[in-house]
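This is what each chain is made of:
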Amino acid sequence: MKQLGNLDSAFINLEQGNTPQHIGGLGIYDPSTAPGGFVRFKQVIANFEQRLRLLPLFRTRLVEVPGGIDRPYWVKDAHFDVEFHLRHIALPQPGDWRQLCIQVARLHARPLDMSRPLWEAYIIEGLDKIPNLPPGSFAIYTKMHHSLVDGAGGTSFMSTLHDLSPEPDVAAMPALEPLLVDRNPSKTELLSRAMVNRTKGSVSLVRGGVGLAVEMGKLAVKVVRKETSLPDFQSPKTRFNGPVGPHRVFDALDFPIDEFKEIKDFAGVKLNDCALAIIGGAMQRYLEAKGEEPKQSLAASLPVNMRKHRGETDANNQVGAIFSSLHSNIAEPVERLRAIHASTIEAKRFGESNPMIDAYQVAGIFSPAVSKTVAGMWAEGNWSRLSPIKTATVITNVPGPNFDLYSAGARLVQYHGLGVLTPGIGLFHTVFSQSDRINISVLADRECMPDPAFYMECLRASHEELLNKVRSGNKQPKPRARKRKMPPRKSGAASGANGAARARTAQAAPDSGVAVKEVGASGA
């Protein structure tokens, strides 16, 4: 039996009907690399079961303390059944990208069963009409509660469930851990532990919740006295800052990584800055098309892996957050990119020296009874508009492997990440790099973004504008304020007004030699 840490517990406390706190991933696999050239469902089950030997936490369930007076515990599930967590489905005909996006969005919108181990996986067949996929390809969509893993932990989960070759050495696998259950704790034991923990934790509570509030108060005083200044990370309110409903949309777009590197080398920035510039430009285009162009720049919350700053701990989640302007009000793309680069440097410097980087922990420091009540009121009353930190989206950058991975012998050919939505922020971007590609995946509330296919057009147009400007050799563009032209519309294209979805393949820049996949889908 293991008690959850503060941050792990925070994601349990933040769980709400409209904002379930699980993250996900969508991998697409080519079965031709497997022995015999195909993969059976029972082989995928056997592979998962074998791999879960390395992840005992994924065979545990959550036990909450009566009355919510203390953080919950993980206990081994005596009735763990891998087949309950693995489901086998197929897309209806014709089996195109739009249908896959809709299915994944629906699955991601559904909360997990909190009485069982907090993860699920779906093997999805019938991807017959998705461009550029090998025949017989299938997808695996996984979702796991954020209390189990953060972004870096999700990468470890992904690595554990895959092999480095299509025919791994089965004899080298770890021995199966017996499915023995920890003694099921009684209510009396849980309450007794809670009393002891409350006594021991009073000091840590002051150092944690109250201490965090004191430090933020000190920061506010310094700002008022002009002894320090805050980075420019306050966003104007947009359609993405309203209440988050129960339905989702999902979509994704691939780019050749060489084009990102070309942009990076020209401007003297980082790959992540390039992604932020493209996303900021796309969001501005999208809002302009809606007649909702903000006068101020949009800003983003950027998750940070705290393992790099504080070292490893036994907590599942070790994530913080910094905040940066996207400079979306700068029309010239290279100028916007360089401004973002300067802002992210300042955001990291400021974030590492102030308490806001640990803002995620607030929901886990206090008792679940208090935190869940406040989280529910926050969501239902849309009090998030009162937050002192305003951002238009969350953007997480997850570096993937630069080598092939296999599941049951099938090679991973695409991977897309899905994050979480929270009250007041209905848009989440995941930037994932793998081998020769960079993928930008989008998860959004359906009311905020009813037409994800059109947003894909905005992303593609923002990327092309930046790339073309770099290739033009205009190293020092003159700043100017102007309205951007929207990407050209073809007959039948998805529009910002009607939200029609479509899927097509678009070609990248002429000299890149790499196809860029552009797709669109509505969600659940």
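The structure contained in this document is the topic of the report that follows. (Residues numbered from 1 in each chain as written. Predicted model: local features only at pLDDT ≥ 70, side-chain atom pairs only at ≥ 80, totals over all residues. Heavy atoms only, no water.)

### A closer look at the overall build of the protein
Inference 1: Scanning the protein from terminus to terminus reveals 13 helices and 17 strands.
Inference 2: Going through the 524 residues of the protein one by one, you find that 55% of them count as buried.
Inference 3: Counted over contacts in the protein with a minimum sequence separation of 6, partners at least 24 positions apart contribute 80%. (Helix = DSSP H or I, 4+ residues; strand = E, 2+ residues; numbered from the N terminus. Buried < 20%, exposed > 50% of the residue type's maximum accessible area, 1.4 Å probe, protein only. Contact = heavy atoms within 4.5 Å.)

### So, the environment of Gly280
Inference 1: As for its placement among the helices and strands, Gly280 is situated in helix 8 (residues 271-289).
Inference 2: Relative accessible area serves as the criterion here: at 0%, Gly280 is assigned to the buried category.
Inference 3: When the C-alpha atoms of Gly280 and Leu326 are compared, they prove to be 5.4 Å apart, with 46 residues separating the residues in sequence.
Inference 4: If near-sequence neighbours (up to four positions away) are discounted, Gly280 is found in contact with Leu326 and Ser328.

### Quick look at the packing of aromatic side chains
Inference 1: If you walk through the whole model with that rule in mind, you get nine aromatic pairs.
Inference 2: One aromatic cluster is present, formed by Phe240, Tyr286, Phe454 and Tyr455 through successive ring pairs.
Inference 3: Here Arg87 stacks its cationic end above the ring of Phe84, 4.9 Å away from the centre of that ring. (Phe/Tyr/Trp six-rings, centres within 6.5 Å; stacked < 30°, edge-to-face > 60°. Lys NZ or Arg CZ within 6 Å of the ring centre and 35° of its normal.)

### Quick notes on the pattern of salt bridges
Inference 1: Scanning all chains against the criterion turns up 15 salt bridges.
Inference 2: For Glu262, the salt bridge is made with Arg471, and the minimal N-O distance between the two is 3.0 Å. Remark: Arg471 occurs in helix 13 (residues 452-471) and Glu262 occurs in helix 7 (residues 257-267); sequence separation between them is 209 residues.
Inference 3: Taking the relative accessible area as the measure of exposure, Glu262 reaches 29% and is therefore partly exposed.
Inference 4: Residue Arg411 pairs with Asp404 through a salt bridge whose shortest N-O separation is 4.0 Å. (Salt bridge = Lys/Arg side-chain N within 4 Å of Asp/Glu carboxyl O.)

### Some points on the nonpolar core
Inference 1: Of all hydrophobic cores here, the largest spans 47 residues; its most connected members are Met283, Met449, Tyr455 and Leu459.
Inference 2: Of all the secondary-structure elements, those providing two or more residues to this core are strand 8 (248-256), helix 7, helix 8, strand 9 (299-305), helix 10 (333-351), strand 14 (427-434), strand 15 (437-445) and helix 13.
Inference 3: Element by element, the count of residues in this core is highest for helix 8, at ten residues.
Inference 4: Core analysis: the next-biggest nonpolar cluster, separate from the first, contains 38 residues, Tyr29, Phe58, Phe138 and Met158 among them. (Core = buried A, V, L, I, M, F, W, Y, C linked by side-chain atoms within 4.5 Å.)

### Let's talk about unusual backbone geometry
Inference 1: Between Gln93 and the following residue, Pro94, the backbone shows a cis peptide bond with an omega angle of 5 degrees.
Inference 2: The topology assignment puts Pro94 in the loop between strand 5 (86-90) and helix 4 (97-109).
Inference 3: Of note in this structure, Asn132 is not a glycine but carries a positive phi near 70 degrees.
Inference 4: Structurally, the position occupied by Asn132 is in the loop between strand 6 (119-125) and strand 7 (138-145).
Inference 5: Of note in the backbone geometry, Ser435 takes a positive phi value of approximately 55 degrees without being a glycine.
Inference 6: In this fold, Ser435 is placed in the loop between strand 14 and strand 15.
Inference 7: The exposure class of Ser435 is partly exposed, given its relative accessible area of 35%.

### Describing the sheet that holds strand 3 (residues 60-63)
Inference 1: In spatial order, the strands read 1-4-3; together these three strands make up an open sheet with antiparallel pairing. Of all the strands in the sheet, the pair left with one neighbour each is strand 1 (2-3) and strand 3.
Inference 2: Relative to strand 4 (residues 73-76), strand 3 is paired through four bridges, and the arrangement is antiparallel. Of the residues in strand 4, the one forming a bridge with Leu62 is Trp74. (Pairing = 2+ DSSP bridges.)

### Remarks on the pairing of strand 11 (residues 393-399)
Inference 1: Taking burial as the measure, the seven residues of strand 11 include five buried ones, the bulk of the element.
Inference 2: Sheet analysis places strand 9 next to strand 11, joined by two bridges and oriented parallel. What sits directly across from Ser301, in strand 11, is Val394.
Inference 3: Pairing of strand 11 with strand 14, which is carried by six bridges, proceeds in the parallel orientation. Residue Asn397 lies in a different strand from strand 14, and its bridge partner there is Val431.

### Digging into the sheet that holds strand 7
Across a sheet, strands are paired by hydrogen bonds formed along the backbone, either parallel or antiparallel in direction.
Inference 1: With mixed pairing, six strands are arranged side by side in an open sheet as 5-6-7-2-13-12. Edge positions in the open sheet fall to strand 5 and strand 12 (406-407), since each of these has one partner strand only.
Inference 2: With five bridges connecting them, strand 5 and strand 6 associate as parallel partners. Counted as the bridge partner of Ala90 is Glu125 from strand 6.
Inference 3: Here helix 2 (residues 41-51) sits on the sheet in contact with strand 5, strand 6, strand 7 and strand 12, set at roughly 150 degrees to strand 5.
Inference 4: Across the sheet, helix 4 lies against strand 2 (22-30), strand 5, strand 6, strand 7 and strand 13 (410-418), angled at about 150 degrees from strand 2, the strand it touches most. (Axes fitted to C-alpha atoms, helices over the stretch in contact; angles between N-to-C directions.)

### A word on helix 13
Inference 1: For helix 13, spanning 20 residues, the distance from its first C-alpha to its last is 29 Å, which sits close to the expected 28 Å at 1.5 Å a residue.
Inference 2: Among the 20 residues in helix 13, 16 count as buried, and that is most of the element.
Inference 3: Looking one or two places after helix 13, you find Gly473, whose phi comes out positive at around 80 degrees. (Expected span 1.5 Å × (residues − 1).)

### A word on the environment of Ile322
Inference 1: Here Ile322 lies in strand 10 (residues 319-325).
Inference 2: Residue Ile322 is classed as buried on the basis of its relative accessible area, which comes to 6%.
Inference 3: Along the chain, Ile322 and Glu346 lie 24 residues apart, while their C-alpha atoms are 9.9 Å from each other.

### A look at the pairing of strand 2
Inference 1: Within strand 2, nine of the nine residues are buried, which leaves it mostly tucked inside the rest of the structure.
Inference 2: The alternating pattern of strand 2 places His22, Gly24, Leu26, Ile28 and Asp30 and Ile23, Gly25, Gly27 and Tyr29 on opposite faces, both of which are buried.
Inference 3: Note: strand 2 against strand 7, eight bridges, orientation antiparallel. Residue pairing for strand 7: Tyr29 is matched across the bridge by Phe138.

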